[in-house]
Amino acid sequence: MTHETPRVDSEVGPLRAVLLHRPGNELTRLTPRNNDKLLFDSIPWVGRAQEEHDAFAEVLRGRGVEVLLLADVLREALADPRAHAAGVLAAVDDRRLGEDLGDALRAHLSGVDAVTLAEVLMAGLTFEELPAAAGASLVRKIHHPHDFAVDPLPNLLFTRDSSVWIADRVAISSLAMPARRRETALLDLVYAYHPRFSHAARAYGAHSAPIEGGDVLLLAPGVLAVGIGERTTAAGAESLARSLFADDIAHTVLAVPIAQARATMHLDTVCTMVAPDAVVMYPLARDELVAFTLRPDGDGSLRVSGPEPFLHAAAEAMGIEKLRVIDTGLDPVTAEREQWDDGNNTLALAPGVVVGYERNVETNARLADAGIEVLAIAGSELGSGRGGPRCMSCPVVRDPIQE
């Protein structure tokens with residue numbers, strides 16, 4: 001079976017293939033003691049979260065989208081001995097375990113199959129679950145049996161953040177929060193060793209300045225907006241721009257400062273595209289967002305201009321007269337509630353067709369009034385980590401937008 005070559009040039013071109021992560025045992029690791037540290041606002045009902053995610057995936061398949069599941073592609077990649085060795089290295093942190101216990105765990109994991117190693121990489125390992133190691137270990141004795149020797153990765157659900165396709169290259173994110181940093185090692189493995197992606201060039205590396213996919217909007221071919229806030233730094237936005245300009249896959253990057261707050265952790269929590277010339281946007285952001293415009297100056301340096309209002313800068317960079325804005329919520333309270341519940345975080349399946357959470361009734365009604373078809377999904381449990389349909393999806397192939 002032949003697959004389309006990965007390429008994404010916009011937010012709204014017809015979606016052909018997407019990378020999702022079905023919630024797994026990593027979510028069962030969440031407790032009231034650790035959910036804050038692991039970036040969840042509450043303890044999700046895992047079975048229901050899986051049902052909701054399965055329904056989300058079926059909506060995509062029903063619209064002709066190929067759904068790739070991260071657990072599957074990770075296991076397939078780990079079948080390569082080089083990937084397996086890299087996975088073992090990614091799992092074991094000597095700074096936490098000490099040299100002796102670290103060596104014992106490396107030796108154990110080196111002998112397990114790809115399915116077992118993938119599960120450890122995703123769901124972690126407690127000290128109680130460690131294999132019996134030869135010799136005494138102070139580290140082992142001093143830790144509670146339920147403490148993590150290998151941290152779980154419950155935020156894998158949000159595949160948008162850990163990697164993003166820009167044109168025919170993949171950017172491996174540099175994740176800012178300690179609870180998420182090891183996610184990039186998994187994506188590195190998938191993109192380096194899975195046959196589907198083995199020829200993919202990199203647009204950005206995981207060891208660069210912090211940048212997360214939720215802050216990256218592909219406004220039009222060659223035009224990106226990058227949010228700067230809680231997760232993506234100015235250095236990250238500048239570094240990504242330099243990389244894209246050097247590879248000649250973008251001509252304009254808009255750096256957009258956003259509030260450094262839980263409710264607005266990424267640019268796509270306040271603004272996502274629903275059509276080639278339209279965004280759904282949190283009303284408070286409409287007037288407050290500004291952009292610095294970055295362009296190459298021809299000799300390897302950057303030209304930085306601004307700030308100016310984001311909507312004006314975006315329309316100018318996209319070569320259109322005006323960017324249509326669909327506000328979320330008619331009143332400030334409704335708007336704030338639905339923004340918190342990811343009302344602005346829609347996933348476009350085609351121009352004018354988006355997936356959104358069913359609970360954002362006001363936002364979905366306003367989208368429908370604007371001629372946007374909304375495919376509503378349940379997200380009562382999926383949303384407990386603060387993320388909507390866009391957060392939960394990494395587009396791998398989109399068709400070009402037809403003029």
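Just so we're clear, the structure is a prediction, and the values are computed from it rather than from any experiment.

Turning our attention to the UniProt feature "active site" (unreviewed entry) in the chain. Residues annotated in UniProt with the feature "active site" (unreviewed entry) correspond here to C391. Secondary-structure assignment places C391 in the loop between β18 (373-377) and β19 (394-398). By relative accessible area, which is 2% here, C391 ends up buried. Ignoring any residue separated from it by four or fewer positions in sequence, one finds C391 in contact with L157, F158, T159, R160, D268 and N345.

Taken as a whole and assessed by the stated rule, the structure comprises 20 salt bridges. In this structure, E51 engages R48 in a salt bridge whose closest nitrogen and oxygen atoms are separated by 3.2 Å. One end of the pair is E51 and the other is R48, both in helix α2 (residues 46-62) and 3 residues apart, which spans about a single turn. When its relative accessible area of 51% is taken as the criterion, E51 is described as exposed. Among the ionic pairs, E58 bridges to R61, the shortest N-O distance being 2.7 Å. Of the two residues, E58 and R61 both sit in helix α2, 3 residues apart, roughly one turn of that helix. Judged by relative accessible area, which is 36%, R61 ranks as partly exposed. Salt bridges here are not isolated pairs; linked through shared partners, they connect E11, R160, D268 and R390.

Turning our attention to the sheet that holds strand β15 (residues 324-327). Reading across from one edge, β11-β12-β15 is the order of the 3 strands in this open sheet, with mixed pairing throughout. In this open sheet, the two strands that pair with only one neighbour each are β11 (271-275) and β15. Each adjacent strand pair in this sheet contributes to an overall mean axis angle of 30 degrees, direction not counted. Judged from the 4 bridges that link them, β11 and strand β12 (residues 278-281) form a sheet pairing that is antiparallel. Paired with M273 across the bridge in β12 is V279. Helix-sheet contacts for helix α15 (residues 361-369) involve β11, β12 and β15, and the interaxial angle to β15 is about 145 degrees.

Turning to the pairing of strand β9 (residues 223-228), a few remarks are in order. Most of β9 sits inside the fold, with 6 of its 6 residues counted as buried. Residues V223, A225 and G227 of β9 are buried on one face, and the alternating residues L224, V226 and I228, pointing to the opposite face, are buried as well. Alignment of strand β8 (residues 216-220) against β9, held across 4 bridges, turns out to be antiparallel. When the bridges of β9 are listed, L218 appears paired with L224. Linking β8 back to β9 in an antiparallel pair, the connection comprises 2 residues, with G222 at a positive phi of about 85 degrees. For β9 and strand β10 (residues 252-257), the ladder comprises 6 bridges, and the chain directions are parallel. Paired with V226 across the two strands is A255, which belongs to β10.

This paragraph deals with the sheet that holds strand β17 (residues 353-357). Note: strands within a sheet are paired through backbone hydrogen bonds, in either parallel or antiparallel orientation. With mixed pairing, 3 strands are arranged side by side in an open sheet as β16-β17-β18. The open sheet has two free edges, formed respectively by β16 (347-350) and β18, since each of these has just one partner strand. Direction aside, neighbouring strands of the sheet carry axes that sit 30 degrees apart on average. Examined bridge by bridge, β16 and β17 share 3 bridges and lie antiparallel to one another. When the bridges of β17 are listed, A348 appears paired with V354.

Definitions and cut-offs
- Residues numbered from 1 in each chain as written.
- Predicted model: local features only at pLDDT ≥ 70, side-chain atom pairs only at ≥ 80, totals over all residues.
- Heavy atoms only, no water.
- UniProt positions renumbered as here; feature names shortened; annotations may be inferred.
- Helix = DSSP H or I, 4+ residues; strand = E, 2+ residues; numbered from the N terminus.
- Buried < 20%, exposed > 50% of the residue type's maximum accessible area, 1.4 Å probe, protein only.
- Contact = heavy atoms within 4.5 Å.
- Salt bridge = Lys/Arg side-chain N within 4 Å of Asp/Glu carboxyl O.
- Pairing = 2+ DSSP bridges.
- Axes fitted to C-alpha atoms, helices over the stretch in contact; angles between N-to-C directions.

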